[in-house]
Amino acid sequence: MNRKYRKTVIAGNWKMNMLPSEVKPYADTLRALAGKTKHCEVVICAPFVMLPQLIKALRDCRIAVGAQNVSDKDSGAYTGEVSANQLRDLGVKYVIIGHSERRSYFGETDEMVRAKVTAAIGAGLIPIICVGETLEQREMGVTKDLISMQVKLALSAVPPEKMRRVIFAYEPVWAIGTGKTASAEEAGEVCSHIRAIIRSLYGARIARAVTIQYGGSMNKDNAAQLLSMPDIDGGLIGGASLDPEHFAAIIEAANQ
Ligand code: PEP
């Protein structure tokens, strides 16, 4: 982390878990444990159907709400889609874009990620753009080339003045939901690489201000070590965010 230049952001990704009836008890517990966090921004990214309730339950505290997906279209005849403007109007602040589960199960391409990032920024949402390699790609030695391509394509329509409202999450696919975590050094090295790409595209001043998270089986026991790396500015947390006490312990590690 480097709090001098950029914001630390700890985001929970509930994925397709939790029920509407569980939102209020969860939010009340998290608010009591971490509602006054000072040194990092906390976000919960929930399924669409729970967003209004979560926003209401977290009103007047410092925990923000995010979505897990967004349409690249502004409005119109796109049955089943949810637009960036609809999310913004509801009070949503962040949106996860290009999560590896969407890329692998729903065929989301780098071109779709680029279009969704553009739509999100246009509506005033902060995109959390996920990039990461599979185990096979890591073993083939193409991790950095792949990440470079994902980052460059995602940013190809983002002007410099909007870069302060962009977050990256480095999520090695082999570490998501598997209990396998990248070592702090492995994760730190790829996050530094992401910053170097941003520097080559936008210059040093913008690159040092961009928050880059790590995601992949982050938990209360490994969070402090991962966050001690200079280019890891937070976490995108799946499984461990489902328990508010466990999630609060990760937030606590980021507040040190
Ligand atoms: C994620 O959903 O982005 C994630 C990193 O999941 P987990 O923490 O469960 O590996």
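So, here's what we can say about the structure. Not measured: the values here are computed from a predicted model.

### As for the pattern of salt bridges
If the charged atoms of two oppositely charged side chains come close together, the side chains can form a pair.
Then, number 1: For the structure on display, the rule yields 15 salt bridges.
Then, number 2: Lys-15 is the partner of Glu-101 in a salt bridge, and the nearest nitrogen-oxygen pair spans 2.7 Å. Taken as a pair, Glu-101 in helix α4 (residues 100-105) and Lys-15 in the loop between β1 (9-13) and α1 (20-34) lie far apart in primary sequence, 86 residues in all.
Then, number 3: Across the salt bridge formed by Arg-195 and Asp-231, the nearest N and O atoms sit 2.4 Å from each other. Placement of the pair is Arg-195 in helix α8 (residues 184-202) and Asp-231 in the loop between α10 (223-227) and β8 (234-237), with a sequence separation of 36 residues. Here Arg-195 matches Asp-231 in class, with each residue buried.
Then, number 4: Through salt bridges with shared partners, one network takes in Arg-6, Arg-195, Asp-231 and Asp-233.

### Looking at the packing of helix α5 (residues 110-123) against helix α7 (residues 143-154)
Then, number 1: Running from N to C, α5 and α7 cross one another at 40 degrees; their axes reach a closest spacing of 8 Å. One way to sum up the angle between α5 and α7 is to call them oblique. Where α5 abuts α7, its residues Asp-110, Val-113, Arg-114 and Val-117 lie against Met-149, Gln-150, Leu-153 and Ala-154.
Then, number 2: Here the residues of the contact of α5 with α7 are counted per class, giving five nonpolar, one polar and two charged.

### Digging into a positive patch on the surface
Then, number 1: A surface patch of like charges, here positive, comprises Lys-4, Arg-164, Arg-205 and Arg-208.
Then, number 2: Relative to the elements of secondary structure, Arg-164 occurs in the loop between α7 and β6 (167-170).
Then, number 3: Judged by its relative accessible area of 63%, Arg-164 is exposed.

### Some points on α5
Then, number 1: In this model α5 runs 20 Å from its N-terminal to its C-terminal C-alpha over 14 residues, within 8% of the 20 Å that 1.5 Å per residue would give.
Then, number 2: Along α5, the residues classified as buried are Asp-110, Val-113, Ala-115, Lys-116, Val-117, Ala-119, Ala-120, Ile-121 and Ala-123.
Then, number 3: For α5, the elements touching its buried residues are α3 (84-90), β4 (94-97), α4, β5 (126-131) and α7.
Then, number 4: A positive phi of about 90 degrees marks Gly-124, the residue just after α5.

### Section: the site of the ligand
Then, number 1: Surveying the vicinity of the ligand reveals 14 residues, the closest of which are Lys-15, Glu-171, Gly-177, Ser-217 and Gly-238.
Then, number 2: One of the backbone N or O atoms of Gly-238 is found 2.8 Å from an oxygen atom in the ligand.
Then, number 3: Within the complex, 95% of the 290 Å² of free accessible area of the ligand lies under protein.
Then, number 4: Broken down by class, the residue content of the shell around the ligand amounts to four nonpolar, eight polar and two charged.

### Some points on the packing of α1 against helix α11 (residues 244-255)
Then, number 1: Orientation of α1 relative to α11, taken along the N-to-C sense of each, is 30 degrees, at an axis distance of 9 Å. In terms of axis orientation, α1 runs roughly parallel to α11. Pair α1 / α11 crosses with right-handed handedness. Side by side, α1 and α11 meet where Tyr-26, Thr-29, Leu-30, Leu-33 and Ala-34 of the first sit next to Pro-244, Glu-245, Phe-247, Ala-248 and Ile-251 of the second.
Then, number 2: Grouping the constituent residues of the contact of α1 with α11 by class yields eight nonpolar, one polar and one charged.

### What about the environment of Cys-40?
Then, number 1: Tracing the backbone through its elements, the reader meets Cys-40 in the loop between α1 and β2 (41-45).
Then, number 2: For Cys-40, a relative accessible area of 5% translates into the label buried.
Then, number 3: Taking C-alpha positions, Cys-40 is 6.6 Å from Lys-7, a pair spaced 33 residues apart along the chain.
Then, number 4: Apart from residues lying up to four places away in sequence, Cys-40 is in contact with Thr-8, Ile-10, Ile-251, Ala-254 and Asn-255.

### Overview of α1
Then, number 1: End to end, α1 covers 21 Å across 15 residues, agreeing with the expected 21 Å (1.5 Å per residue, within 8%).
Then, number 2: Val-23, Tyr-26, Ala-27, Leu-30 and Ala-34 are the residues of α1 that are buried.
Then, number 3: As for α1, its buried residues are in contact with β2, α2 (51-57), β3 (63-67) and α11.

The rules behind the values
- Residues numbered from 1 in each chain as written.
- Predicted model: local features only at pLDDT ≥ 70, side-chain atom pairs only at ≥ 80, totals over all residues.
- Heavy atoms only, no water.
- Salt bridge = Lys/Arg side-chain N within 4 Å of Asp/Glu carboxyl O.
- Helix = DSSP H or I, 4+ residues; strand = E, 2+ residues; numbered from the N terminus.
- Buried < 20%, exposed > 50% of the residue type's maximum accessible area, 1.4 Å probe, protein only.
- Axes fitted to C-alpha atoms, helices over the stretch in contact; angles between N-to-C directions.
- Parallel < 35°, antiparallel > 145°, perpendicular 65-115°, else oblique.
- Contact = heavy atoms within 4.5 Å.
- Nonpolar A, V, L, I, M, F, W, Y, C, P; charged D, E, K, R; others polar.
- Patch = residues over 30% accessible without salt bridge, like charges linked within 9 Å, V, L, I, M, F, W, Y side chains within 5 Å.
- Areas by Shrake-Rupley, 256 points an atom, 1.4 Å probe, with all protein chains shown as cover.
- Lys, Arg positive; Asp, Glu negative; His and termini not counted.
- Charge placed at Lys NZ, Arg CZ, Asp CG, Glu CD.
- Expected span 1.5 Å × (residues − 1).
- Near = heavy atom within 4 Å.
- Polar contact = N/O pair within 3.5 Å; in protein donor to acceptor, adjacent residues only side chain to side chain.
- Left-handed = near helix turned anticlockwise from the far one by under 90°.

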